[in-house]
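Here is how the chains run, residue by residue.
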Amino acid sequence: MGGQSLQIGPRTIKTGLAVILALIISNLFNLSPILPAISAATTLLPSVYQTWKQFLEEAEANLIGAFLTLVSLWILGDNPANPLAIGIVIMAAISILLAFGFGRTIPHVVLMIIVILESIEGATDPLWQIVLIRYLLVMLGIGCALGVNALIFPPRYGNVYYQKASKLFEKLLVVTRAIAFEGKVTPYRSAIDKMSRSMLETKTLFNLHREEIRGSRQRHVSLLRNLIILQHMQSCLERGVATAERFREREKALNSIADELRSELFYHLMHIAQRQEKVLLTYDLLLTEEPLAMEDLVKENIAFVKHSFLDRDELEEEIIMEILPIVVAMNEWIQELELFEKRLNGALRRHVTSLSIEQKSVRDKTFNRFKRKKAIDESQK
């Protein structure tokens, strides 16, 4: 079957549970299960905050659709199920929803309108009651999705992001050090491409984590503080991957510059990778003994830029301009790394006990790993 394995994740399970819950409630009150089931199956989003926002938008949009349907029923009279009439009502509803910015609610609203207009024929209940019940059925399904998403396997994107970002950082540092040590980019082109793809995943996870914290009613100051740290961490990761991409893109230009300059460039890259690793280790283990310092790396970068572009003849200047994107990317990485260090240094001095709220389980594993290693080393002495 194409080598693909069957994957059943938490979101798949929660979608099924939301549909089951919607069907049970519908059967319990002898209601039509179609609208609740479809709404529950199509509303579950990656985060609780997104689902809650969707719930509010659906409530407003479906209310507009219900009111429009009710007005159309009064106008159409005895023939509301006419295909032409249904099409006109749907076109009007879509236009209004787009005007109010409810574009992503259109499928549910259109489905509700069709079900209402098709179920009117032969009905004995008042029109307003039929429309109200269908509206509540849609909201029932969305409410089931929201409840299941919040109570069962609630998303914890902070830990997931931290683990993914840490693994990507490890790979980034290995690749950049290998490039700097060997002076070659070709063997690592595929690794850089994979890092670029992984970068998109970590960025999505970070955005979801930020949404969850900002959308939560209990926004602890410690969580917001840690979010700022993680934002700098994500920015450093993006700058580091971008630097690796520039090395891949300008590989031919690197082979054309003078050996001395190329050696300095790779040495500078190695130094940045070492400093990035130190900052990550400081954050991972919450080290406070050694104060962080950035002045040496900043001065080194300034000296490197001066040496690269000053006192060069025209031929060398043309070649150096080819590697300028690499120098710019490295400079941006250093600047973001400096901000990360300053923010982390201040947080470690004043709020070290609260930094581990979101990454506590990850750091516990890291500490246990170091404790085991330390015990092994001591036993071998």
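What you see is a predicted model; the values in this text were computed from it and never measured. (Residues numbered from 1 in each chain as written. Predicted model: local features only at pLDDT ≥ 70, side-chain atom pairs only at ≥ 80, totals over all residues. Heavy atoms only, no water.)

Asker: Explain the overall build of the chain to me, and be specific about the residues and the numbers.
Answerer: Helix and strand counts for the chain stand at 15 helices and zero strands. Within the chain, buried positions represent 44% of all 381 residues. Within the chain, counting contacts between residues at least 6 apart in sequence, those at least 24 apart form 80% of the total. Carbon together with sulfur atoms contributes 59% to the accessible area of the chain, which is approximately 20,900 Å² in total. (Helix = DSSP H or I, 4+ residues; strand = E, 2+ residues; numbered from the N terminus. Buried < 20%, exposed > 50% of the residue type's maximum accessible area, 1.4 Å probe, protein only. Contact = heavy atoms within 4.5 Å. Areas by Shrake-Rupley, 256 points an atom, 1.4 Å probe, with all protein chains shown as cover.)

Asker: For the side chain of R262, give the residues involved together with the corresponding values.
Answerer: Locating R262 in the fold gives a position in helix 11 (residues 259-285). Owing to a relative accessible area of 17%, R262 belongs among the buried residues under this scheme. A distance of 3.1 Å separates a polar atom in the side chain of R262 from the backbone oxygen of L254. (Polar contact = N/O pair within 3.5 Å; in protein donor to acceptor, adjacent residues only side chain to side chain.)

Asker: Residues and numbers for the side chain of S196, please.
Answerer: Positionally, S196 belongs in helix 8 (residues 189-215). Here S196 is in contact with V241 and E245, once residues within four sequence places are set aside.

Asker: Can you explain the packing of aromatic side chains? Please cite residues and give values.
Answerer: Tallied over the full model, the rule gives three aromatic pairs. When the ring of F247 is compared with that of F266, the centres are 6.1 Å apart and the planes differ by 25 degrees; the resulting orientation is stacked. Here F247 is found in helix 9 (residues 221-249), whereas its partner F266 is found in helix 11, with 19 residues between them in sequence. In this structure, F247 and F266 share a single accessibility class: buried. (Phe/Tyr/Trp six-rings, centres within 6.5 Å; stacked < 30°, edge-to-face > 60°.)

Asker: Got a sec to walk through unusual backbone geometry? Specific residues and values, please.
Answerer: At N30, a position not held by glycine, the phi torsion is positive, near 55 degrees. Tracing the backbone shows N30 in the loop between helix 1 (10-28) and helix 2 (34-43).

Asker: Please set out the pattern of salt bridges residue by residue, giving values where relevant.
Answerer: Counting across every chain of the model gives 11 salt bridges. Across the pair E249 and R248 runs a salt bridge, and its minimum N-O distance is 3.8 Å. E249 sits in the partly exposed class, given a relative accessible area of 45%. Relative accessible area serves as the criterion here: at 17%, R248 is assigned to the buried category. The salt bridge partner of E338 is K342, with a shortest N-O separation of 3.3 Å. Of this pair, E338 and K342 both sit in helix 14 (residues 324-350), separated by four residues, roughly a single helical turn. Here K342 falls in the exposed class, since its relative accessible area comes to 55%. (Salt bridge = Lys/Arg side-chain N within 4 Å of Asp/Glu carboxyl O.)

Asker: Could you give an account of the environment of A178, with specific residues and numbers?
Answerer: Inspection of the secondary structure puts A178 in helix 7 (residues 157-182). For A178, a relative accessible area of 15% translates into the label buried. Note: C-alpha distance between A178 and F266 (88 residues apart in sequence) is 9.8 Å. Apart from the residues lying within four places of it in its own chain, the contact partners of A178 are G183 and Y188.

Asker: Tell me what's going on with the nonpolar core, and back it up with residues and numbers.
Answerer: Ranked by size, the top nonpolar core spans 58 residues in total, and within it I179, M233, L237, F247 and L254 carry the most contacts. Listing elements by their share of this core, those giving two or more residues are helix 7, helix 8, helix 9, helix 10 (251-254), helix 11 and helix 14. For this core, the leading source of residues is helix 7, giving 12 residues. In contact with L254, other than residues within four places in its own chain, are V185, F247, R262, L265, F266, I323 and I326. (Core = buried A, V, L, I, M, F, W, Y, C linked by side-chain atoms within 4.5 Å.)

Asker: Tell me about helix 7, and name the residues and values.
Answerer: Here helix 7 contains 26 residues, and its C-alpha end-to-end distance of 37 Å stays within 8% of the 38 Å for a straight helix at 1.5 Å per residue. G183 occupies a position one or two residues after helix 7 and carries a positive phi of about 70 degrees. (Expected span 1.5 Å × (residues − 1).)

Asker: Can you break down the packing of helix 1 against helix 6 (residues 127-151) residue by residue, with the values?
Answerer: As a packed pair, helix 1 and helix 6 sit with axes 9 Å apart at the nearest point and diverge in direction by 135 degrees. Judged by the angle between their axes, helix 1 and helix 6 are oblique. For helix 1 against helix 6, the interelement crossing comes out right-handed. Side by side, helix 1 and helix 6 meet where K14, L17, A18, L21, A22, I25 and S26 of the first sit next to L140, G141, C144, A145, V148 and N149 of the second. Taken together, the residues that form the contact of helix 1 with helix 6 break down as nine nonpolar, three polar and one charged. (Axes fitted to C-alpha atoms, helices over the stretch in contact; angles between N-to-C directions. Parallel < 35°, antiparallel > 145°, perpendicular 65-115°, else oblique. Left-handed = near helix turned anticlockwise from the far one by under 90°. Nonpolar A, V, L, I, M, F, W, Y, C, P; charged D, E, K, R; others polar.)

Asker: Let's hear about a nonpolar patch on the surface: which residues, and what values?
Answerer: A surface patch of nonpolar side chains, amounting to about 550 Å² of accessible area, comprises I8, I13, L17, I20, I24 and F153. Within the secondary structure, L17 is located in helix 1. (Patch = residues over 30% accessible without salt bridge, like charges linked within 9 Å, V, L, I, M, F, W, Y side chains within 5 Å.)

Asker: So what's going on with the confidence of the model for the chain? Which residues, and what values?
Answerer: Mean pLDDT for the chain: 78, with 78% of residues reaching 70 or above. No element of the chain has a lower mean pLDDT than helix 15 (residues 360-380), at 44, and none a higher one than helix 1, at 89. Long-range and interchain partners of residues 357-377, a stretch whose pLDDT sits below 50, account for 28 contacts in this model, where long-range means more than four residues apart. (pLDDT = per-residue confidence, 0-100.)

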